[in-house]
Amino acid sequence: MDFELRQRGRASMDFVAELGLNGARLRAATLAEVKSAGLAPDTLAADLDERVAQVEGALGGSKAFHTYALVADWGSSTHGKLAIEAFEQVRDEIEPRLKALGEGPTRIRTKPGYQLPDYARGVEFHRTTGGWDGHEYMGFIHAELIHRHYVYKTFPGDIFAQRRRVLDELPDREFTRVLELGASSGHYTRMIQDKFPRAAITGVDTSVRFLEQAQRVANEHGWTWDLLVAPGEDTGLPAESFDLVTSYILLHEIPERTIRGVFAEAYRTLEPGGWLLMTDVTPFWAQDRLSEFWSYWGALHGGEPYWRESASLKLDELCRELGFVDAKTYGLGGKPYPWITIARKPERAG
Amino acid sequence: MSAAPAAPARANATGAAPTRFEFLAPEQLDDLGRAVLTLAREVWVLRDRQRILEHVLAERGVDVADAIDRYQPGPELQKRLDAERAAFVKELLGALAPGTPL
């Protein structure tokens, strides 16, 4: 949906994005200081907690490090508030269109007896004030203001093209019944629909506010998506009813036990021969100790309570434990991000 | 807050040297940083607004507030704003982390 921010909102979002870009430069400068302090990936402590103390201790006098920390803290604690403020400045103008896009072929239903899982209750992911459902239009605010005016400008690579590109890792076939776990505001869902125009898509998420935005996206394009408020580890959807189960950037937002549940639910809902494609952050084991430190340190201060346990998993091994075959896990195009796990449910024996 | 007295130190009646008074407790350093950045955001918003005001005034009459709110910078002005904002942020961060290449 096209809309224009007012001056204050636009300039605020521009500022926080500019600060984010400079945060990356400060961190790069800090890396040089780590090296000059005699710390290197192969000499850092193996234990992550010990390593955090080691690097923080070595950088205790580094103004670049402390300024980076300050900038990262301010950006993560403020970007959501600024985005809400920017939205409120144009709310009167665009709210009728947002409400109108709630009408159309795509509907939202809720799993009977649904309750927000304990692991998500009270958590302000990404330090978003009030959490994912903290504002009546949080899905729109996150998708159209935070993603387009902040994350897109500060995150390495093109976050939208990445969502499209990972789908090319699937075998060359037409998927027709797709389940997306953690459908969020529909950024990835629309890429799935573009790639597989005939696919019937079911999108599951625990946040109704985000699914409302996915609903607007679908209705704007005339797509009919089945959007379901439910936990990805317990969707209640029929067994063996999809030929592709997929997610993008869900797994680092849920604890290890839930990730195992999500993969088990994917296996249950996939038909024999169906494919699994999960994309998320770079696992710790695929990084050197210094990169791992920075990943963890950023998560520690960025509202990512489950990053550590998620990034510690070997998802291809989990796939095999659950019965998947042809499981592989790797960085797209040989890069550390986005990180893909792909596998297949075996054909029925006999 | 620091438990120190709430007034600047001064020589006492005996003429002894004043003790150094710290207006901010060490644990307020993070708060100070956040305040600086919050203030910087406000400063930038105003500077941005001022620049646009100059453009809009040149193009239109006197009552320009709504015009400014809705003004969407064209490529040339946006380029100028981007450059000024980048320089502004670099100057700000340079004060916090002198000598760091940005």
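On a predicted model such as this, the values are computed, not experimentally measured, just so you know. (Residues numbered from 1 in each chain as written. Chains lettered and ligands numbered in written order. Predicted model: local features only at pLDDT ≥ 70, side-chain atom pairs only at ≥ 80, totals over all residues. Heavy atoms only, no water.)

*Asks:* Would you take a moment to explain the overall build of chain A for this structure?
*Replies:* Check the secondary structure of chain A and you find 11 helices and eight strands. On C-alpha atoms alone, chain A measures out to a radius of gyration of 21 Å, which is about the 20 Å that the 2.2 N^0.38 rule sets for 350 residues. Seen through its C-alpha atoms, chain A measures out along the principal axes to roughly 60 × 55 × 35 Å. Per-residue burial over chain A gives 58% buried out of 350 residues. Of the accessible surface of chain A, which amounts to about 13,900 Å², a share of 50% is contributed by carbon and sulfur atoms. The positive charge centre, built from 41 side chains, and the negative charge centre, built from 51, are 2 Å apart in chain A. (Helix = DSSP H or I, 4+ residues; strand = E, 2+ residues; numbered from the N terminus. Rg over C-alpha atoms; globule rule 2.2 N^0.38 Å. Buried < 20%, exposed > 50% of the residue type's maximum accessible area, 1.4 Å probe, protein only. Areas by Shrake-Rupley, 256 points an atom, 1.4 Å probe, with all protein chains shown as cover. Lys, Arg positive; Asp, Glu negative; His and termini not counted. Charge placed at Lys NZ, Arg CZ, Asp CG, Glu CD.)

*Asks:* What is the right way to read the overall build of chain B from this model?
*Replies:* Secondary structure assignment for chain B yields three helices and zero strands. Its helices and strands taken in sequence order, chain B reads α-α-α from the N to the C terminus. In chain B, the proportion of contacts linking residues at least 24 apart, taken out of those at least 6 apart, comes to 37%. Total accessible area computed for chain B in this model is approximately 6,900 Å², and 59% of it derives from carbon and sulfur atoms. (Contact = heavy atoms within 4.5 Å.)

*Asks:* What exactly am I supposed to notice about the sheet that holds strand β6 (residues 270-280) of chain A here?
*Replies:* Note: strands within a sheet are paired through backbone hydrogen bonds, in either parallel or antiparallel orientation. Residues and elements named next belong to chain A. Spatially, the eight strands line up as an open sheet ordered β1-β4-β3-β2-β5-β6-β8-β7, and their pairing is mixed. Looking along the sheet, the strands with just one partner apiece sit at the ends: β1 (107-110) and β7 (325-331). For this sheet the average axis-to-axis angle between neighbouring strands, irrespective of direction, equals 15°. Alignment of strand β2 (residues 177-181) against strand β5 (residues 242-248), held across three bridges, turns out to be parallel. Bridging across to β5, V178 finds its partner in L244. (Pairing = 2+ DSSP bridges. Axes fitted to C-alpha atoms, helices over the stretch in contact; angles between N-to-C directions.)

*Asks:* So what exactly am I meant to see when it comes to the confidence of the model for chain B here?
*Replies:* Low pLDDT marks stretches whose predicted atomic positions should not be read closely. Residues and elements named next belong to chain B. For chain B, the average pLDDT comes to 75, and 71% of its residues sit at 70 or higher. When pLDDT is averaged over each helix and strand of chain B, the minimum, 79, is found for helix α2 (residues 65-70) and the maximum, 91, for helix α3 (residues 75-96). Across the predicted assembly, pTM comes out at 0.88 and ipTM at 0.72. (pLDDT = per-residue confidence, 0-100.)

*Asks:* Where do I start with the environment of A:F263 in this structure?
*Replies:* Residue and element names in this part refer to chain A. Topologically, F263 is positioned in helix α8 (residues 256-269). What makes F263 buried here is its relative accessible area of 0%. If near-sequence neighbours (up to four positions away) are discounted, F263 is found in contact with L251, L276, M278, L315, L318, C319, L322, F324 and T341.

*Asks:* Mind showing me how you'd approach the side chain of B:R85 here?
*Replies:* For B:R85, the location among the structural elements is in helix α3. At 2.8 Å, the side chain of B:R85 forms a polar contact with the side chain of B:D82. Apart from the residues lying within four places of it in its own chain, the contact partners of B:R85 are A:D14, A:F15, A:E18, B:W44 and B:Q78. (Polar contact = N/O pair within 3.5 Å; in protein donor to acceptor, adjacent residues only side chain to side chain.)

*Asks:* Honestly, helix α11 (residues 315-322) of chain A in this entry has me stumped. Any pointers?
*Replies:* All names here are of chain A. Listing the buried residues of α11 in full gives L315, D316, L318 and C319. One face of α11 carries all of its buried residues, which in axial projection span an arc of 160°. On its buried face, α11 is in contact with α8, β6, β7 and β8 (339-344). (Arc of directions from axis to C-beta.)

*Asks:* Even after reading the chapter, I still don't get the interface of chain A and chain B, so can you show me in this structure?
*Replies:* For an interface, size is often stated in terms of accessible area lost upon the parts coming together. Contacts between the two partners involve 26 residues from chain A, matched on the other side by 34 residues from chain B. Here chain A meets chain B over a buried area of about 2,600 Å², counting both sides, of which 59% is carbon and sulfur. Per-residue buried area on chain A facing chain B is highest for A:Q7, A:R10 and A:F15; these three make up 24% of the total on that side. With a shortest N-O distance of 3.1 Å, A:R10 and B:D48 are connected by a salt bridge. If one sorts the elements of the side of chain A that touches chain B by residue count, helix α1 (residues 7-36) of chain A sits on top with 13 residues. Of the residues in the side of chain A that touches chain B, the class split is 11 nonpolar, four polar and 11 charged. (Buried area = accessible area lost by both parts, 1.4 Å probe. Salt bridge = Lys/Arg side-chain N within 4 Å of Asp/Glu carboxyl O. Nonpolar A, V, L, I, M, F, W, Y, C, P; charged D, E, K, R; others polar.)

*Asks:* Just checking my understanding: could you explain empty space enclosed by the protein for this structure?
*Replies:* Unoccupied space between atoms shows up once a probe the size of one water molecule is rolled over them. All names here are of chain A. Across all of its chains, the model carries one cavity of 30 Å³ or more by this definition. Taken as a whole, the largest cavity encloses approximately 110 Å³ of empty space. Forming the boundary of the largest cavity are 13 residues, of which V281, P283, S310, L313 and L315 lie nearest the centre. Sorting the residues of the lining of the largest cavity by element identifies α10 (307-311) and β8 as the ones contributing at least two each. Residue composition of the lining of the largest cavity, grouped by class: nine nonpolar, three polar and one charged. (1 Å grid on protein atoms, 1.4 Å probe; cavity = no way out; pocket = protein on both sides within 12 Å on 5 of 7 lines; lining within 4 Å. Points joined across faces, edges and corners; volume = space filled by probe spheres on them.)

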